Amino acid sequence: MSKLSVLNPATNAVIKELEYTSNEEITAQIDRAYEAFQEWRTVDAHERSAKLLKWAELIDAHIDEIAELITLEGGKPLAEAKGEVAYANSYVKWYAEEAKRIYGRTIPANTPDKEILVGKFPVGVVGAITPWNFPAAMITRKMAPALAAGCTIVCKPAVQTPLTTIRLVELAHEAGFPKDAISFIIASGRDAGEAFTSHEAIRKITFTGSTPVGKTLIKDAADSVKNATMELGGLAPFIIHKDADIDAAVEATIASKFRNAGQTCICANRIYVHEDIVDQYTEKLMTKVHGLKVGNGMDEGTEVGPLINQGAVDKVLDQITDAMGKGGHVSRSLDEVTELGGNFLKPVVISNAKQDMKVMNEETFGPIAPVMAYSDLDEAIKIANDTPFGLAAYFYTNDYRTGLKLYNELEYGVIGWNDGGPSAAHAPFGGFKESGYGREGGTEGIEPYLETKYLSIKK
Ligand code: NAP
């Protein structure tokens, strides 16, 4: 069988070659995960918690090594990669606690001779599929609650970034999890998707990735009515109202837009600024954006790394060209944007953006910040909501009435008010509409791995 070459997006050099897991071996791995589930489900919550804590300790102890893997295979700057490992581990720590808080309840019966008890039970074997842009965090969000709930899990990382998952699974085994309670496969998404959705032992599919792939998985999982969680694409609006603190809004835009070179599902995709402050905001933003240091993520001081591959570069250049053709003012020439070559793009601001531009309607996944002026807040909310996506949205205002209005009216699952980085292990992350369903993080994030069973006792 052919081998998978894992590439460094900063150099396009091969970092490592891996054997693909054959289809037969994927099936056998799921069978073993099912056998492991029969044991793991009986392990008490305190022991499950203790193993998660041990795993978290090991992840902390290996933070530099894991961060380096993330930078090598995914491209993000090393400091950001370390931040990702800490963030990924915060899910392990949170669900180590939540393992002990899977509570049932009693329900008053309608006759004196009955009692009704409700319990929570692990759903079974979980098939997890994750993207390349957060190779540690997107998988611990699934592994940790699944194991905490008493499920076993087979993980399929993106082919671009499997090394981080492999290392995390090795550390989980070192922490004492049974070998088949948590495992990985090296496979294309198509092969893994088919194997997971067709195998009867898989009772839950958990997926983070693009909306089109999510739709395929939902359809395929429907044949055997599998429980599914879908964390899909976004098109985040970032609204800056006339009473906002402009400097704080600029800082937050940089944090939200240019993290991982603009390749996150909650990146500010479309920036709407009130007409009274748009010139001031855009000028300040441009100065900061042009000051960002672009380069190999392993180099000290790099703030924006490479995009994941040439296809990603082409998509971003297409959005810039389209915006130019529709009257957008791009803050750097195309020659300057591409002057570093390879998968590197210098970040730009597109002022005078219009709603019909591709950059306002397609998930960008790159370092471009389009700024469009608005005069009426209701109109801004309307266009912010006028999309099939509903993952993250941001707004800046110092007026509490405006803030509460935006919170109530924006159709998004994750909202940052004067906050460019709203994600946290202790909060429920997930989308509305075609951005998916189910939540990861918070007390909600363990629910998708649990079934509710009730017992009616006649005395
Ligand atoms: P993608 O193309 O959908 O790939 C994600 C994963 O799905 C990869 O492991 C991929 O496998 C697999 N896959 C591809 N085709 C499949 C199929 N037919 N059946 C089953 N699995 C399949 O997305 P991406 O480009 O890696 O990641 C970017 C997308 O993820 C963006 O849309 C972003 O918004 C979204 N995302 C969402 C969240 C969230 O929490 N909502 C977080 C991060 C990213 P391969 O290895 O073969 O490619």
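Residues numbered from 1 in each chain as written. Predicted model: local features only at pLDDT ≥ 70, side-chain atom pairs only at ≥ 80, totals over all residues. Heavy atoms only, no water.

- If you look the protein chain up in an unreviewed UniProt entry, it shows as NAD-dependent succinate-semialdehyde dehydrogenase from Staphylococcus kloosii.
- Looking at the Sequence similarities (unreviewed entry) heading of the UniProt record, one finds this comment for the protein chain: "Belongs to the aldehyde dehydrogenase family." (UniProt positions renumbered as here; feature names shortened; annotations may be inferred.)

**Description of the packing of helix α14 (residues 377–385) against helix α15 (residues 400–409)**
- Across the interface, α14 lies against α15 with an axial gap of 11 Å and an inter-helix angle of 25 degrees. As judged from the angle between their axes, α14 and α15 are roughly parallel. In the packing of α14 onto α15, the handedness of the crossing is right-handed. Of α15, the residues touching α14 (which contributes Leu377, Asp378, Ile381 and Asn385) are Thr402, Lys405, Leu406 and Glu409.
- Of the residues that constitute the contact of α14 with α15, the class distribution is three nonpolar, two polar and three charged. (Axes fitted to C-alpha atoms, helices over the stretch in contact; angles between N-to-C directions. Helix = DSSP H or I, 4+ residues; strand = E, 2+ residues; numbered from the N terminus. Parallel < 35°, antiparallel > 145°, perpendicular 65-115°, else oblique. Left-handed = near helix turned anticlockwise from the far one by under 90°. Contact = heavy atoms within 4.5 Å. Nonpolar A, V, L, I, M, F, W, Y, C, P; charged D, E, K, R; others polar.)

**A short note on the packing of aromatic side chains**
- On inspection of all chains with the given rule, the structure shows seven aromatic pairs.
- Pairing Trp132 with Phe365 gives two aromatic rings, centres 5.8 Å apart and planes at 85 degrees, and the pair type is edge-to-face. Here Phe365 lies in the loop between α13 (358–361) and β14 (368–374) and Trp132 lies in the loop between β5 (125–129) and α5 (137–149), a separation of 233 residues in the sequence. In terms of burial, Trp132 and Phe365 fall into one category: buried.
- Seen from their ring centres, Phe238 and Tyr394 are 5.2 Å apart, and the 20 degrees between their planes marks the pair as stacked. A residue pair is termed long-range when its members are at least 10 positions apart, and Phe238 in strand β10 (residues 236–240) and Tyr394 in strand β16 (residues 392–396) qualify at 156 residues. Here the two residues Phe238 and Tyr394 agree in accessibility, since each one is buried.
- Of the aromatic side chains, those joined through ring pairs into one cluster are Trp40, Trp55 and Phe177.
- Over the aromatic face of Phe134 sits the side chain of Lys76, whose NZ or CZ is 3.9 Å from the ring centroid.
- Lying over the aromatic face of Phe121, Lys453 brings its terminal NZ or CZ to 4.1 Å of the ring centre. (Phe/Tyr/Trp six-rings, centres within 6.5 Å; stacked < 30°, edge-to-face > 60°. Buried < 20%, exposed > 50% of the residue type's maximum accessible area, 1.4 Å probe, protein only. Lys NZ or Arg CZ within 6 Å of the ring centre and 35° of its normal.)

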